[in-house]
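Residues per chain, in single letters:
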Amino acid sequence: MKKTFRLIAAPLLAASLLMGGTSAWGAGIEKAATGSEGQTLAQVTTIAGKGDLGEANGVAAEATFRAPWSLLPLADGSVLVADARSHLIRKLSGGAVSTFAGITITKDAYMYPIGGLLDGKASTAVFQQPKGLAADAKGNIYVADAENHAIRKIDAGGNVTTIAGNGVLGSKDGKGKDAAFHSPQDVVVAPDGTVYVADTLNHAIRQISPDGAVTTLNALSQRVVEVVPGQAVPAGDYADGALAAAKFNEPTGLALDAKGNLYVSDSGNQLIRYIDLTAKTVSTVAGSAQVQYAKSNLYVTGDFQDGAAAQAKFNFPRGLAVSAEGGLFIADSLNHSVRYLKDGVVRTIAGEKSTEEGSVDGTERSAELHHPSDVAVLGDGSLLVADAYNNKLRQIAFYELPAGIAADGAIHVVYGNRKLAFDNAPEIADGRTMVPVRSVTEALGFEVKFSEDANTGERTVDLGRNVTTIRLTIGKSELQKTVNGKAEAVRPIDVAPYIKADLTYVPVRFFAEELGLDVQWNEATRTVILRDRIAVQ
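About the criteria used
Residues numbered from 1 in each chain as written. Predicted model: local features only at pLDDT ≥ 70, side-chain atom pairs only at ≥ 80, totals over all residues. Heavy atoms only, no water. Salt bridge = Lys/Arg side-chain N within 4 Å of Asp/Glu carboxyl O. Helix = DSSP H or I, 4+ residues; strand = E, 2+ residues; numbered from the N terminus. Buried < 20%, exposed > 50% of the residue type's maximum accessible area, 1.4 Å probe, protein only. UniProt positions renumbered as here; feature names shortened; annotations may be inferred. Pairing = 2+ DSSP bridges.

What follows deals with the pattern of salt bridges. Taken as a whole, this structure holds 30 salt bridges when the rule is applied. For Arg365, the salt bridge goes to Glu352, with nearest N and O atoms at 3.2 Å. Placement of the pair is Arg365 in the loop between strand 33 (362-363) and strand 34 (372-377) and Glu352 in the loop between strand 32 (345-350) and strand 33, with a sequence separation of 13 residues. Residues Asp462 and Lys449 are paired through a salt bridge, measuring 3.8 Å at the closest nitrogen-oxygen approach.

This is the structure we're talking about:
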């Protein structure tokens, strides 16, 4: 016969812990806490878009997009969004989405908007797959209008003009409409008013001077690939060195650093390149410079690898953003992840190598993205992501430890932004953090049941959350998990629960992970960090 004792702790809403009160979320990346193996800790949430295709405005959570492609934070805290397949420039401000420029004239048989090329007031202008956005010091907005093969400008008075290109694809330098582009996907503006363009399918970086003259900065590719027998197409190429001789393969993203030089997402080469505009040189700063093309391949084969920049691997990197600390955020589109380059090292900020596309909110490596196409640093240091194929805008908020956590030699445990209090301190046993079970369960909202077998004296503790229960046996290095009443096989764990000073100590990592929590160890402060792996709805 067993005697049982039950404790039901007051439930806590993870969302209020993580986002309310004195929030631990929203720090810049350099202030973010690190967890196991040096992972930067963050939380991914959806801040606009319900995932449906459309161009509905209104409350951000109910708004709809069609492949939001590029982001431009403005000085007033609002953000412009190039909503590519809606052919609109949208605006996120004050928790609501509106149309900033462009109109929908008509739709095709599949109910997709049809774009066009028409200048005029922002409220009547027409775009065709706008993809890149930038602003100058005067408040003018520049748009890489990809399928119009043109660069457009929206001035501070709300007037739209075409400053380069004429709606017909081509590759030609010249002034204004005499110039020709082929599917430009990004723009940036230097302090002197010079506009730089990622002219994607020309495999070129173009420059538009303040007087409107367009010039090509690098050598154009002469490579041709027979993609199928009898069908050859032009393709990009690769060369570092002097800018005038350098070559690219479908550059799609640009970012200016503090020196006024250009980072380039060289997507077809799976590289991040750097243009020193003063020295007029091009170098590879992330990804292998040993570029090799298979005979019939337009692109270098993509892959996924963190670590030293020269060995890092990407899969069609697109949008770029420079952090306040001089690092570079990268929307690694076909890896469905966000990466960060700094001090010669690439690390993953959100997404996971083994994760395919998805739309789940949650901790940095549990969250799922689907073809992120751009990233932008917001005023609070957090990161906004254009999650193109989810038709959403996602925010990556970096995690700081709660106030009061110090490197004082003690072991700390936190849940979200709350430091947990213990009557008896946690301790290390056989390399594992052991915590008094009652204290931690009260904080996390578990249902706890203690049992003792009157015949054998065996004592167990059941820790339940939602439909899952974890059974630990005092003195035994084992764990049994029950889900929806169905018990799984008993599994070994590294250290057995024990009783000390009339308190039951359990290994926090094992039961927390089995109950769906993310568990991280911050070595600098000896802190166990518990977070909800998947966002609580």
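After that view, the rundown keeps rolling.
Attention now moves to helix 2 (residues 437-444). Extensive coverage of helix 2 is indicated by the burial of six of its eight residues. Listing the buried residues of helix 2 in full gives Val437, Ser439, Val440, Thr441, Ala443 and Leu444. Phi turns positive one or two residues past the end of helix 2, at Gly445, with a value near 80°.

Take Phe450: it is sitting in strand 41 (residues 447-453). For Phe450, a relative accessible area of 18% puts it in the buried group. Sequence-wise, Phe450 and Val461 are eleven residues apart; in three dimensions their C-alpha atoms are separated by 4.6 Å.

As a further point, take the UniProt feature "domain: Copper amine oxidase-like N-terminal" (unreviewed entry) in the chain. Under the UniProt annotation, "domain: Copper amine oxidase-like N-terminal" (unreviewed entry) lies at residues 417-530. Along residues 417-530 one finds 13% helix and 51% strand; the C-alpha atoms at either end are 9 Å apart.

Okay, the sheet that holds strand 13 (residues 141-145) next. The strand order across the open sheet built from five strands is 11-15-14-13-12, with neighbouring strands paired in antiparallel fashion. Edge positions in the sheet fall to strand 11 (120-121) and strand 12 (130-135), since each has one partner strand and no second. Sheet topology note: the strand 14 (residues 150-154)/strand 15 (residues 159-164) ladder contains four bridges and is antiparallel. Pairing of Lys153 across the sheet is with Thr161, part of strand 15.

Before going further, it helps to spend a moment on the UniProt feature "repeat: NHL" (unreviewed entry) in the chain. The UniProt record annotates "repeat: NHL" (unreviewed entry) at residues 127-157 and 169-211. Annotation note: span residues 127-157, helix share 0%, strand share 52%, distance between end C-alpha atoms 18 Å. The span residues 169-211 is 0% helical and 42% strand by assignment, and the distance between its end C-alpha atoms comes to 22 Å.

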